[in-house]
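Working through the structure, step by step
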Amino acid sequence: MDRQKTIAGFSKLTKIGKIKWLVENFFKDPEIVMQELKSYWLTDVHQQELLDGISENTISNYPLPLGIVPNFVLNGKTYAVPMVIEESSVVAAASSAAKYWMSRGGIKAEVIDTIKVGHVHFYWGGDPNRMNSIFLLLKPILIAEANPIMRGMIDRGGGLKSLAVKSFVDQDPGLYQLFAEFDTCDSMGANFINTVLEQFSKTLQDFFRTSDSISAEERELEVIMAILSNYTPDCLVKVWVECPVQDLTDIKDMSATTFAERFYHAIRIAHADLYRATTHNKGIFNGIDAVALATGNDFRSIEACGHAYAAKDGRYKSLSSCSLENDFFKFVLQVPLAVGTVGGLTKVHPIAKRSLELMENPNSQELMMIIAGMGLIQNFAAVRSLVTTGIQQGHMKMHLNNILHQLNATSDERTAAIAHFQNKTVSMNGIKVFLDEFHQEKIKI
């Protein structure tokens, strides 16, 4: 162990103190690194304090670009949708697909349900046949003792929607679970759900310890944990685009019928092949995650839930589907999305607030549809590229600027390179060769 690189009480240091210790122990140019880290601090002290309060042991900010997808028509309403993502081709592709479908009826969407889930996991060694009868007595007490916590959510139309006990004794002797379903209205609801579940835990333990319905031999019960689940298969939204096959025009060097058939088969492949399904669904989450991040929602829980949902039938497959019937094209995405428009980062992070304002402050169900719609058109754009020109042509053209920056190209070199690669394949080696030749030409001049 290198003791010079270990520290006690790091969290108690000032921000400058943290940086000073880090740069002196982990970097070759401590002064340069310190100034670089400080350069990303916000000049607005209040805003910087807000960001520092979101996380722990903060030393700087990590900027990511905020891009916009205009012409995003969903259920007849036009949005400009914010995306936070480091990959420029994602925003460009989504913008292209949004514009494409704008003139073909736009995106259609419906929220199927908004149920979220939480569990209390506990062990009890009594007769399994007794648990259901005990739960009949316990359930109204659980609800009554949690009602004060739930009152505000109930007044807004949400709260606890169902409560059951599940047995897992066949998998693990003595293991049971309280299975609770909630509607959390416009909040993502994690804190609310966890608070209610912890009250359930207390009531559960008190009941088994004190109730006259429980014999002395049955009193021993141990709660292991109480926690919401990020798998919310009933918090579900469906989005789709559709048009007659003949309207699938403006596809480079391909008839509408050929494109529709190739697109249909590409989706079929993503249902049949695990390797393709993984990359296919990643493309969907390129769109979903970017809007979730822009609006202060937890993209990690959203993605974990989506991937679990993709495997709900016992085999991981595409989240999107395509049909071709009677010369009619329909492309559908159905995905679980637990998001919020109040609470959490949505009201703390300044850009998250502006992102929601940009979309005219949607409620949680409207935001579910917008986010899923972005996943759908991002998927459409990616598959369209795959079955026509290939994914690299568009991707590498968008990546050209990043490569030129990496190679420290001058303004003149950038302009010349962009013009040169307008109709050519972009590659790192090709750009290096071009820049070398460009330098030689300038020397001759």
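Before going into details, it helps to say that this report is about the structure given with it. (Residues numbered from 1 in each chain as written. Predicted model: local features only at pLDDT ≥ 70, side-chain atom pairs only at ≥ 80, totals over all residues. Heavy atoms only, no water.)

**What about the side chain of Thr58?**
Position of Thr58 relative to the elements: it lies in the loop between helix H3 (45-54) and strand S1 (66-74). Looking at Thr58, its side chain comes within polar contact range of the side chain of Asp52, at 3.2 Å. (Helix = DSSP H or I, 4+ residues; strand = E, 2+ residues; numbered from the N terminus. Polar contact = N/O pair within 3.5 Å; in protein donor to acceptor, adjacent residues only side chain to side chain.)

**As for the sheet that holds strand S4 (residues 116-124)**
Strand order in the open sheet made by the four strands is S5-S6-S4-S7, with antiparallel pairing throughout. For this open sheet the edge positions go to strand S5 (159-167) and strand S7 (221-229), each flanked by a neighbour on one side alone. The average undirected angle you get between the axes of adjacent strands in this sheet is 15°. By the bridge criterion, eight bridges tie S4 to strand S6 (residues 175-183) in an arrangement that is antiparallel. The residue of S6 that forms the bridge with His121 is Gln177. Along the sheet face, helix H6 (residues 190-210) touches S4, S5, S6 and S7 and points at about 165° away from the line of S7. (Pairing = 2+ DSSP bridges. Axes fitted to C-alpha atoms, helices over the stretch in contact; angles between N-to-C directions. Contact = heavy atoms within 4.5 Å.)

**Quick word on the pattern of salt bridges**
Applying the stated rule across the entire model yields twelve salt bridges. Close ionic contact of Lys202 with Asp206 constitutes a salt bridge, the shortest N to O distance being 3.1 Å. Residue Lys202 and its partner Asp206 are both found in helix H6; the two are separated by four residues, about one turn of the helix. By relative accessible area, which is 48% here, Lys202 ends up partly exposed. The partner of Asp313 in a salt bridge is Lys312, and the shortest N-O contact between them spans 3.9 Å. The exposure class of Asp313 is exposed, given its relative accessible area of 53%. Through salt bridges with shared partners, a single ionic network connects Lys77, Glu360 and Glu366. (Salt bridge = Lys/Arg side-chain N within 4 Å of Asp/Glu carboxyl O. Buried < 20%, exposed > 50% of the residue type's maximum accessible area, 1.4 Å probe, protein only.)

**So, the state of the cysteines**
Using the criterion set out here, one finds zero disulfides in the structure. Between Cys185, a free cysteine, and Cys235, which holds the nearest cysteine sulfur, the sulfur-to-sulfur gap is 12 Å. Classification of Cys185 as partly exposed rests on a relative accessible area of 21%. (Disulfide = S-S within 2.5 Å.)

**Considerations on the pairing of strand S8 (residues 235-244)**
Counting buried residues along S8, seven of its ten residues qualify, which places the element largely inside the surrounding structure. Both strand S3 (residues 108-114) and S8 contribute to a ladder of six bridges, which runs antiparallel. Across the sheet, Glu110 pairs through a bridge with Lys238, a residue of S8. Pairing geometry for S8 and strand S10 (residues 328-336), over nine bridges, is antiparallel.

**Side note on the nonpolar core**
One broad trend across soluble globular proteins is that nonpolar side chains are buried collectively. Membership of the largest hydrophobic core comes to 98 residues, with the highest contact counts inside it found for Phe72, Phe122, Phe200, Phe208 and Phe329. At 13 residues, helix H11 (residues 364-387) tops the list of elements feeding residues into this core. Apart from residues lying up to four places away in sequence, Phe329 is in contact with Trp101, Val241, Glu242, Cys243, Val245, Leu248, Ala260, Phe263, Cys322, Ser323, Leu324 and Phe380. Ranked by size, the runner-up nonpolar core spans eleven residues in total, among them Ile403, Ala409, Phe434 and Leu435. (Core = buried A, V, L, I, M, F, W, Y, C linked by side-chain atoms within 4.5 Å.)

**Let's talk about the packing of aromatic side chains**
All chains considered together, the criterion is met by 18 aromatic pairs. Plain terms: the ring middles of Phe72 and Tyr79 are 6.4 Å apart, the flat faces sit at 75° to each other, and that makes the pair edge-to-face. With respect to class, Phe72 is no different from Tyr79; both count as buried. An angle of 50° between the planes, with centres 6.5 Å apart, marks the rings of Phe331 and Phe380 as tilted. With Phe331 in strand S10 and Phe380 in helix H11, this residue pair connects regions lying 49 residues apart in the sequence. Taken together through their ring pairs, the aromatic side chains of Tyr100, Trp101, Phe259, Phe263, Phe329, Phe331 and Phe380 make up a single cluster. Above the face of the Phe179 ring, Lys166 is positioned so that its terminal group lies 3.9 Å from the ring centre. The ring of Trp240 carries the charged tip of Lys238 above its face, separated from the ring centre by 5.4 Å. (Phe/Tyr/Trp six-rings, centres within 6.5 Å; stacked < 30°, edge-to-face > 60°. Lys NZ or Arg CZ within 6 Å of the ring centre and 35° of its normal.)

**Considering unusual backbone geometry**
Of note in the backbone geometry, Asn71 takes a positive phi value of approximately 60° without being a glycine. Turning to its location among the elements, Asn71 is positioned in strand S1. A relative accessible area of 29% places Asn71 in the partly exposed class. For Glu360, which is not glycine, the phi dihedral falls at a positive 65°. The exposure class assigned to Glu360 is exposed, which follows from its relative accessible area of 56%.

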